[in-house]
Amino acid sequence: MEHENTRLKLLTLYDNEDELAKVCSALSVQTRRDIIKIISKAPSSVNEIAWKLNIPVSTASVNIKSLVDANILRYTSGSSKRGNEKLVSLNMVMFNLMLDRNPIAPSDNTQTIHVPIGSYTSYKAEPTCGINTPDGVLVIEDTPAMFSSPQRFNAGHIWLKCGYLEYKVPLLNYSGSRTAGTTFMLDKHTIRSICFRFELCSETAMYDHNCKSDITFSVNGSEACTFLSAGDFGEHRGRLNPDWHSDNDSQYGLLYSIDIRYDGTYLNEKRVSELAIEDLDLAKNDLLTFRIEVKPDAKHVGGFNLFGKTFGDYEQDIDIIITYQNIGHAEK
């Protein structure tokens, strides 16, 4: 793992003695702990740190170097009225000390949650709107009240011109078995990233490949990103669509991946916002809430079609992939 990407670090008493000694030494001085408190609020220059602590710049530099050598802090570049300058920012925000000489190697563990597209807990839908189930039970168009029907849980295709669908899933610590006599614990305090994947396109009567729509995606009340859906696609049938689905209606969408990491939010692997995992207060919430929305004041109010595992081109509903930094432990 590159140091510049390190946010959670594993140290042991045996395999990383030199590194552990540097960390312990760096944290043993009050001035250095005060520096960490300053940096935890915002990256700062050496001069700013010296001024805030009322110490000489040379003293600040020596203490910062000790923290950098221990990989607790790192140097970055920034800009100011004086031009580019060197800033100091956090590099290690958490570390685990393992006491076992032979612990199970740490690894990133993933938990995948499959969320049926009809399992939303809140909604607002304006026509054109509707829900398709695989057997066509809810093919009643432009009737927002149908979005409250219990049949919605079987939905394979949902569309609306303006409004939102909001979902809630439990976010709890849990343990499991890796091998005989071995357990592991996935702790929501150590979540490294959360990725949401779904198939979506714009919405208009019939279909229109030039129908643009601004889609806003929010998590726990914070907007992660707004992206442009380029069109409502229908020039060929969706691979999974049932035979009764009309050739003249929306057929398929594009697969979107929204990944919230420690350094921001990524849309299809392109960084699009600064919203990071630590901004979501996951440790304080037992529910993960997310919303797909077309706002009435958006530049392009083009709605959306959301496809589940029985419609469109991709055999999936909404997939949530949660990546944890996991430390396993052996049981006797």
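Computed from a prediction, not measured in an experiment: that's the story for all the values here.

J.: What exactly am I supposed to notice about the overall build of the protein here?
T.: Broken down by element type, the protein carries four helices and 19 strands. Taking all 332 residues of the protein together, the buried fraction comes to 48%. Of the contacts made within the protein by residues no fewer than 6 positions apart, 69% connect residues no fewer than 24 positions apart. Entry remark: accessible area of the protein is about 16600 Å², with carbon and sulfur atoms responsible for 50%.

J.: Looking at this structure, how should I read the environment of V46?
T.: Within the fold, V46 resides in helix α3 (residues 46-53). With a relative accessible area of 16%, V46 lands in the buried category. For the pair V46 and V57, spaced eleven residues apart in the sequence, the C-alpha separation amounts to 6.8 Å. V46 has contacts with V57, A60, S61, I64 and V88, leaving out every residue within four places of it along the chain.

J.: What is the right way to read the environment of S25 from this model?
T.: Here S25 is to be found in helix α1 (residues 17-27). Judged by its relative accessible area of 39%, S25 is partly exposed. Linking S25 and L67, residues 42 residues apart in sequence, is a C-alpha distance of 9.0 Å.

J.: Sorry, what's going on with the side chain of E203 here?
T.: Here E203 lies in the loop between β11 (191-201) and β12 (213-219). Despite its burial, E203 pairs with no opposite charge; the closest candidate is K161, at 6.6 Å N-O. In this view, E203 contacts T128, W159, L160, K161, C211, D232, S250, G302, G303, F304 and N305; residues no more than four positions away in its chain are not counted.

J.: What should I look at first to understand α1 in this one?
T.: Helical periodicity: at 3.6 residues per turn, an α-helix aligns residues three or four positions apart in one direction. Those residues of α1 not exposed but buried are L20, V23 and A26. The arc that holds the buried residues of α1, viewed along the axis, is 130°, so those residues lie on one side.

J.: Would you take a moment to explain the packing of aromatic side chains for this structure?
T.: Describing an aromatic ring pair means giving the distance of the ring centres and the angle of the ring planes. One pass over the full model with this rule turns up 13 aromatic pairs. Three or more aromatic residues joined by ring pairs make a cluster, and in this case those are Y120, Y123, F147, Y167, F196, F198, F217, F227, Y256 and F290. Lying across the ring of Y75, K86 places its NZ or CZ 4.6 Å from the centre. Seen from the ring of Y164, R291 lies directly overhead, with NZ or CZ sitting 3.6 Å from the centre.

J.: What is the right way to look at unusual backbone geometry in this model?
T.: Phi is mostly negative for residues that are not glycine, and the peptide bonds are mostly trans. For the bond from P127 to T128, the omega torsion is 5°, close enough to zero to count as cis. Among the structural elements, T128 can be located in strand β7 (residues 122-132). A positive phi angle is found at D142, which is not glycine, with a value near 55°. Tracing the sequence through the fold places D142 in the loop between β7 and β8 (157-170). The backbone of E269 shows a phi angle near 70°, a positive value even though the residue is not glycine.

J.: Just to check I follow, could you spell out the nonpolar core for this structure?
T.: Generally speaking, nonpolar side chains in soluble globular proteins are found buried as a group. Residues F196, F198, F217 and I320 are the most contacted members of the largest nonpolar core, which totals 47 residues. Residues contacting F198, with those up to four places away along its chain left out, are F217, F227, L254, L255, Y256, I258, L306, Q316, D317 and I318. With 17 residues, the next largest nonpolar core counts V23, I35, A50 and L67 among its residues.

J.: Looking at this structure, I do not really get the pairing of strand β13 (residues 222-229). What am I missing?
T.: A regular strand carries its side chains on alternate faces of the sheet. In this structure, β12 lies alongside β13, joined through seven bridges in antiparallel fashion. Within the sheet, the bridge partner assigned to F217 lies in β13 and is C225. In this antiparallel pair of consecutive strands, β12 and β13, the connection spans two residues, and N220 shows a positive phi of 50°.

J.: What is the right way to read the packing of helix α2 (residues 30-41) against α3 from this model?
T.: Packing of α2 against α3 brings their axes to within 11 Å, and their N-to-C directions diverge by 115°. Between α2 and α3 the crossing geometry is right-handed. Residues T31, D34, I35, I38 and I39 of α2 form the contact with α3, whose own contacting residues are I49, K52 and L53. Classifying every residue of the contact of α2 with α3 by side-chain character gives five nonpolar, one polar and two charged.

Conventions adopted
- Residues numbered from 1 in each chain as written.
- Predicted model: local features only at pLDDT ≥ 70, side-chain atom pairs only at ≥ 80, totals over all residues.
- Heavy atoms only, no water.
- Helix = DSSP H or I, 4+ residues; strand = E, 2+ residues; numbered from the N terminus.
- Buried < 20%, exposed > 50% of the residue type's maximum accessible area, 1.4 Å probe, protein only.
- Contact = heavy atoms within 4.5 Å.
- Areas by Shrake-Rupley, 256 points an atom, 1.4 Å probe, with all protein chains shown as cover.
- Lys, Arg positive; Asp, Glu negative; His and termini not counted.
- Salt bridge = Lys/Arg side-chain N within 4 Å of Asp/Glu carboxyl O.
- Arc of directions from axis to C-beta.
- Phe/Tyr/Trp six-rings, centres within 6.5 Å; stacked < 30°, edge-to-face > 60°.
- Lys NZ or Arg CZ within 6 Å of the ring centre and 35° of its normal.
- Core = buried A, V, L, I, M, F, W, Y, C linked by side-chain atoms within 4.5 Å.
- Pairing = 2+ DSSP bridges.
- Axes fitted to C-alpha atoms, helices over the stretch in contact; angles between N-to-C directions.
- Left-handed = near helix turned anticlockwise from the far one by under 90°.
- Nonpolar A, V, L, I, M, F, W, Y, C, P; charged D, E, K, R; others polar.

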